[in-house]
Amino acid sequence: MILENAEYEPEQFPGLVCRLSVPKVALLIFRSGKVNCTGAKSKEEAEIAIKKIIKELKDAGIDVIENPEIKIQNMVATADLGIEPNLDDIALMVEGTEYEPEQFPGLVYRLDDPKVVVLIFGSGKVVITGLKSEEDAKRALKKILDTIKEVQEL
């Protein structure tokens, strides 16, 4: 009732969903006081959104923590490798990969360091999930490119 653009339907989802247009994010607010910010393009965007909600709740007389600890739990990165990798070859030669094109068009590659999941598509497009930092994204992308080069050389 206090927040604009908020919906709460506990039969469907246990948290309140508040959508902001600037920055364009959704904040999931739970009874425990935990807040998840989804859709932010950067940590700074997430911080801005969370501060906005804190201000709105404080202005409405709700007692909330002024400066909560903000942790990155899951970043998602996308990239274009600039090549069309042979997913069948990668699946056969690289440990930690799964490729079942009848079920899903991408190859799933689980890296241990950084601990992320990479989806590689035949078009060369890549999605990396489970990231904790931009540095991890760069390391993962380098590993993917090195691995694909090795496979292509065999």
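Before reading on, note that the structure itself is shown above.
Residues numbered from 1 in each chain as written. Predicted model: local features only at pLDDT ≥ 70, side-chain atom pairs only at ≥ 80, totals over all residues. Heavy atoms only, no water.

Chemist: Go over the sheet that holds strand S9 (residues 125-131), please, and point to the residues and values.
Modeler: Reading across from one edge, S5-S9-S8-S7-S6 is the order of the five strands in this open sheet, with antiparallel pairing throughout. Of all strands in the sheet, those bounded by a partner on one side alone are strand S5 (75-80) and strand S6 (97-98). Across two bridges, S6 lies against strand S7 (residues 107-112) in antiparallel orientation. From the neighbouring strand, Glu98 faces S7, where its bridge partner is Val108. Against the sheet, helix H3 (residues 134-153) engages S5, S7, strand S8 (115-120) and S9, with an angle of about 135 degrees to S9. (Pairing = 2+ DSSP bridges. Helix = DSSP H or I, 4+ residues; strand = E, 2+ residues; numbered from the N terminus. Contact = heavy atoms within 4.5 Å. Axes fitted to C-alpha atoms, helices over the stretch in contact; angles between N-to-C directions.)

Chemist: Please give an account of the pattern of salt bridges that cites residues and values.
Modeler: Summed over the entire model, instances satisfying the criterion amount to seven salt bridges. Taking the shortest distance from any N to any O, the salt bridge between Glu98 and Arg110 comes out at 3.5 Å. Placement of the pair is Glu98 in strand S6 and Arg110 in strand S7, with a sequence separation of 12 residues. For Glu98, a relative accessible area of 42% corresponds to the partly exposed category. For the salt bridge of Arg139 with Asp113, the shortest nitrogen-to-oxygen distance reads 2.5 Å. Placement of the pair is Arg139 in helix H3 and Asp113 in the loop between S7 and S8, with a sequence separation of 26 residues. Taken together, the salt bridges that share partners define one network made up of Asp113, Asp136 and Arg139. (Salt bridge = Lys/Arg side-chain N within 4 Å of Asp/Glu carboxyl O. Buried < 20%, exposed > 50% of the residue type's maximum accessible area, 1.4 Å probe, protein only.)

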